[in-house]
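Letter by letter, the chains look like this.
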Amino acid sequence: MPFKPEKINCRLVASLFGLLLLGLLLWPPAASPSGLGQKKQPPQKASARAQKKEKEPALPDRYRRWLEEEVVYIITPVEKDIFLKLRTDRERNLFIEAFWKHRDPVPETEENEFKKEHYSRIEYANKYFGRESPKPGWKTDRGRFYIILGPPNDIQRIDSKSEVYDTEIWFYQGKTDVGLPPGFNVVFFRERGTGEYRLYSPTNDGPQALLTGYWGDQADYMAAYSKLREIDPNLASVSLSLIPGEENTYLGRPSLSSDLLLRQIELTPQRLVEDKYARKFFEYKDLVEVEYSANYLDSDYLVKVLKSPAGFYLIHYTLEPKRLSVNQYDNRYATNLKVNGTLSTLDGRIVYQFEKTYPVQMTEAQMRERQNLPVAIYDVLPCVPGEYKLSVLVKNEASKEFTSLEQTINIPGKGGVEMSAPLLAYRVTPAESAGGRVKAFLVGGNQLYLQAGRVFTAKDQLAVVLQVYGLTPELRDRASLRFQFLKETETFREKTIPLTGVSSLPEIVEIFSLADFLPAHYYLHVSLLVDGREQVTTREEFDLTFLESLPRPWILSRVLPAIDDPYYGYILGLQLYNLKRLAEARKVLEQALPRAPQNEDLSRQLAQVYLEQEEFARAAALVEAFISRERPASYDTHVVAGRAYYRLGEFQKAIEVLDRAVNTYGTNIVLLNLIGDCYLGLGKKAEALAVWEKSLEIMADQPELRQKIQAIRGK
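Please read all numbers here as calculations on a predicted model, not as lab measurements.

Colleague: Hey, could you run me through the nonpolar core in this one?
Modeller: Grouped burial of nonpolar side chains is what soluble globular proteins tend to show. If you look at the biggest cluster of nonpolar residues, it comprises 104 residues, and the most contacted ones within it are Y317 and L390. I147, V186, V238 and I243 belong to the second-largest nonpolar core, a separate cluster that totals 41 residues.

Colleague: Help me understand the sheet that holds strand β10 (residues 375-383) in this model?
Modeller: Remark on secondary structure: sheet strands pair via backbone hydrogen bonds, oriented parallel or antiparallel. Taken together, 4 strands build an open sheet; the order of strands is β5-β6-β10-β26 and the sheet is mixed. Across the chains shown, the open sheet's two edge strands, defined by having one partner strand only, are β5 (299-307) and β26 (554-557). Adjacent strand axes in the sheet meet at a mean angle of 20°, parallel and antiparallel pairs treated alike. Bridging between β5 and strand β6 (residues 313-321) involves 9 bridges; their strand directions are antiparallel.

Colleague: Which parts of the structure should I look at to understand the side chain of K395?
Modeller: Its location among the elements puts K395 in strand β11 (residues 386-396). A polar side-chain atom of K395 sits 3.2 Å from a polar atom in the side chain of E289.

Colleague: Help me out: how do you make sense of the packing of helix α20 (residues 651-665) against helix α21 (residues 669-681) in this one?
Modeller: The geometry of a pair of packed helices is captured by two quantities: the angle between their axes and the separation between those axes. Orientation of α20 relative to α21, taken along the N-to-C sense of each, is 155°, at an axis distance of 9 Å. Classified by the angle between their axes, α20 and α21 sit roughly antiparallel to one another. Our pair here, α20 against α21, has a crossing hand that is left-handed. Across the interface between the two elements, F651, A654, I655, L658, D659, A661 and V662 from α20 touch L671, L674, I675, C678, Y679 and G681 from α21. Of the residues assigned to the contact of α20 with α21, the class counts are 11 nonpolar, 1 polar and 1 charged.

Colleague: What's the story with the pattern of salt bridges in this structure? I'm lost.
Modeller: Note on pairing: side chains with opposite charge can pair once their charged atoms come close. Scanning the model with the defined rule gives 50 salt bridges in all. For E79, the salt bridge is made with R103, and the minimal N-O distance between the two is 2.8 Å. Note that E79 is positioned in helix α4 (residues 77-85) and R103 in the loop between α5 (89-101) and α6 (113-128), a separation of 24 residues in sequence. On the basis of relative accessibility, which here comes to 9%, the residue R103 falls in the buried class. Across the salt bridge formed by K304 and E540, the nearest N and O atoms sit 2.6 Å from each other. With K304 in strand β5 and E540 in strand β25 (residues 533-544), this residue pair connects regions lying 236 residues apart in the sequence. We note that K304, like E540, is buried. One continuous salt-bridge network, built from bridges that share partners, spans E191, R192, R198 and D205.

Colleague: Just to check I follow, could you spell out α21 for this structure?
Modeller: For an α-helix the count is 3.6 residues per turn, leaving residues at separations of three or four pointing the same way. Compared with the 18 Å implied by 1.5 Å per residue over 13 residues, the 18 Å span of α21 between its first and last C-alpha is a close match. Buried residues of α21: L671, L672, N673, L674, I675, G676, D677, C678 and Y679, and no others. In the core, the buried residues of α21 are packed alongside α19 (635-647), α20, α22 (685-698) and α23 (703-714). Following α21 by one or two positions, G683 adopts a phi angle in the positive range, close to 80°.

Colleague: Help me understand the sheet that holds strand β15 (residues 427-430), please; the structure alone is not making it clear to me.
Modeller: Here we have 3 strands laid out as an open sheet, ordered β15-β18-β17, and antiparallel in their pairing. Looking at which strands have only one partner, the edges of the open sheet turn out to be β15 and β17 (442-443). In this sheet, strand β18 (residues 446-449) lies alongside β17 in antiparallel orientation, the contact comprising 2 bridges. By the bridge assignment, V443 is partnered in β18 with N446.

Colleague: Quick question: what am I supposed to make of α23 here?
Modeller: End to end, α23 covers 16 Å across 12 residues, agreeing with the expected 16 Å (1.5 Å per residue, within 8%). Residues L705, I709 and I712 constitute the buried set of α23. Buried residues of α23 fall within an arc of 65° about the axis and therefore sit on the same side. In α23, the exposed positions angled more than 90 degrees off the buried face are occupied by E704, Q707, Q710 and G714. Buried residues belonging to α23 abut α21 and α22.

Colleague: Help me out: how do you make sense of the environment of Y165 in this one?
Modeller: Within the secondary structure layout, Y165 lies in the loop between β1 (154-158) and β2 (167-173). Taking C-alpha positions, Y165 is 79 Å from P506, a pair spaced 341 residues apart along the chain. Here Y165 is in contact with I158, R190, R192, G193, A209, L210, L211 and T212, once residues within four sequence places are set aside.

Colleague: Explanation requested: the packing of aromatic side chains in the structure shown.
Modeller: Geometrically, a pair of aromatic rings is defined through the distance of the ring centres and the angle of the planes. Scanning the model with the defined rule gives 37 aromatic pairs in all. Ring geometry for F129 and W170: centres 5.8 Å apart, planes at 35°, overall tilted. Here W170 lies in strand β2 and F129 lies in the loop between α6 and α7 (141-149), a separation of 41 residues in the sequence. Like W170, F129 is buried. Grouped by ring-pair contacts, the aromatic residues Y63, W66, F83, F95, F99, W100, F114, Y119, Y277 and F281 constitute a single cluster. The ring of Y469 has K307 lying over it, and the distance from NZ or CZ to the ring centre is 4.9 Å. Sitting over the ring of Y610, R618 keeps its end group 5.6 Å from the ring centre.

Colleague: Looking at this model, I keep getting lost on the packing of α7 against helix α10 (residues 256-271). Mind explaining?
Modeller: Taken N-terminus to C-terminus, the directions of α7 and α10 make an angle of 55°; their axes are 9 Å apart at the nearest point. The orientation of α7 relative to α10 falls into the category oblique. At the point where α7 passes α10, the crossing takes the left-handed sense. Along the contact surface, α7 presents R144, F145, I148 and L149, while α10 presents L262, I265, E266 and P269.

Definitions and cut-offs
- Just so you know, the residues in each chain are numbered from 1, in the order the chain's sequence is written.
- Only residues with pLDDT of at least 70 get local features here, since the model is predicted, and only at 80 or more are side-chain atom pairs given and counted; chain-wide, interface and lining totals rely on the full set of residues.
- Side-chain descriptors were evaluated using all non-hydrogen atoms of the structure, hydrogens and water having been removed beforehand.
- Here, nonpolar core means buried Ala, Val, Leu, Ile, Met, Phe, Trp, Tyr and Cys residues that are tied together by side-chain atoms lying within 4.5 Å of each other.
- Each residue's exposure class comes from its accessible area (1.4 Å probe, protein chains only) as a fraction of the maximum for that residue type: buried when under 20%, exposed when over 50%, partly exposed otherwise.
- For two strands to pair, DSSP has to find at least two bridges joining them.
- Under the scheme used here, helices are H or I runs from DSSP no shorter than 4 residues and strands are E runs no shorter than 2 residues, and both carry numbers assigned from the N terminus.
- Orientation is described by lines fitted to C-alpha atoms, with helices fitted over the stretch in contact, and by angles between N-to-C directions that extend from 0 to 180 degrees.
- Under this definition, polar contacts are N or O atom pairs within 3.5 Å; protein pairs additionally need one hydrogen-donor-capable and one acceptor-capable atom, and for neighbouring residues in sequence, both atoms have to be side-chain atoms.
- Orientation is classified from the angle alone, with under 35 degrees giving roughly parallel, over 145 giving roughly antiparallel, 65 to 115 giving roughly perpendicular, and any other angle giving oblique.
- Crossing handedness: left-handed means the near helix sits turned counterclockwise from the far one by under a right angle, and right-handed means the same turn made clockwise.
- By definition, residues are in contact when any of their heavy atoms lie within 4.5 Å.
- Three classes are used, and their members are as follows: Ala, Val, Leu, Ile, Met, Phe, Trp, Tyr, Cys and Pro are nonpolar, Asp, Glu, Lys and Arg are charged, and the others, Gly among them, are polar.
- The term salt bridge refers to a pairing of a side-chain nitrogen on Lys or Arg with a carboxyl oxygen on Asp or Glu at a separation within 4 Å.
- By this rule the span expected of a helix is its residue count minus one, scaled by 1.5 Å.
- Comment: arc refers to directions from the helix axis out to C-beta atoms.
- Two rings from Phe, Tyr or Trp (for Trp, the six-membered ring) form a pair when their centres are within 6.5 Å of each other. A pair whose planes differ by under 30 degrees is stacked, one over 60 is edge-to-face, and the rest are tilted.
- Lysine and arginine charges are scored as sitting over a ring when NZ or CZ, respectively, is within 6 Å of the ring centre and within 35 degrees of the ring normal.

Right, here's the structure in full:
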């Protein structure tokens, strides 16, 4: 029966229009590699970015061939952008190695099954799909889909029929694991009966494009469908929808879901890989050794800031690598995890750097017990108020893999009433660290066990832990905490507790049963109320799984000194010094030094503050004892002492200290330049020039030093 437009109701028209808009939004024409829906655009002036790219050096042929031919259908935009930014062949080779590693379905085997299958598909496409085309087979539509999807489960060929153009119907099933329908078709046809097979689009082509002798209304899909159905019912069916059972002839036009399916297929290879590794490769290629750079390992992490009993802030974090590889020696399993961390301001100024090693040693029994469990690295570090970026790099010395953490942290430190963000733990145990030592996620005498993913089961007891600071006794009597659990936008559960009865303040630990929570994503809002009015609110989110149990990680953790140890004064003073907050740095360091007067690091850091404040005699007095002792002082202490003596005019003494540093730690431009300044101070220009020339041999790019030399020689 012919389709009658007048029978469509308004609701149906609106639905079709909405679907059309959805298709346009999900399928931007400019990004369509198959050419579906493309329109010619008027020529535009090249953008600044395009002009910049034109100036970039051309890729060597083998790398351009790899990028534009071999992996063109499977590389993500991020990977391509990173690859084009690489400057050396070594970097490109390492990136290509990483590219295939992150697609290897079985990393434990020597052969990369994905890579082998991919090149096998390219070979097949070139052999069989380039015969009727001047293009190589991989460039044809059939070649592209074969490389992406592999061989179809079935191919129906329709040829030698005078009423329809030669057509191939490829049927696929079993691709649900990559987000595609359980069964679907991909159709190719010879447009107007000549040339290579082209991809068929139900919406853009329609059944009329398959007919050799259709002279009817090109907009009348149903008339063309009816004629095609008389010739080949199966072909007619797929001409309206590539998904079996979705022909919907009553709509009078092809299904939009087919074109969305084609777009989804072409994006499938990009969705199957986490291209985060590519960014990490680019960020860390100059920071990690060559053997690590291609082996980025994804990880989850969580960062929280809490206040210590001493009043300063501690950054707690957990980092959970995707896996942990170890070496086997007889019946023992071992590796070393090297952790390098940097705390910097948002404009890139280094505030604090640290390095730690986590040795891992396991017996065969421990290995069997832990091999199917995740691993978590717990760590904690002190920090002064400010806004920072925390970067942590972890290297596995056994597998030469690396992973990382990057998190922006804001510590206001304004005083007054403060409330931390809640921590969600799956277990809490009373644990007093020996000697009051500090440990990650050890809060108020309770050891918290938590995971970055914040996933719980209905059998778990959810521990909500937070801190409330700055409440006066009068405010505390009027204050309460409200816990609101939201499922989507609806409040699922709510509980309010008065703070007058909480003896553990500033820490608060509240336990919630999850037995009646349904599997879903939840939000937790915690509000501090005073006289029932909201003063401060923080939030967190978590998931409840349908699983009955979850594998919880085994934990690697380091213990720091007791909270009153001058170690913290040194680190906080160093951070303040690097932030140029000299008055605060001086106060913190001077308070810490009497508790550890023989601590060289602490003394040197305070001496550096004195140098900046031009109190040179104080600076020299602080480090003099370490310089004069029999055991060599650190390199940095020698430099601080040399600068202090130089600024005091004690040039010969400065030279003696700096010469000792050269003999102990070797020559560098810092020492040589300062020694030259001292010789100049003694009026020994020839000696100064000789030392500075040596410095220029080490590093020629020192324009200020060259100007100084020219000025002296000009006199």
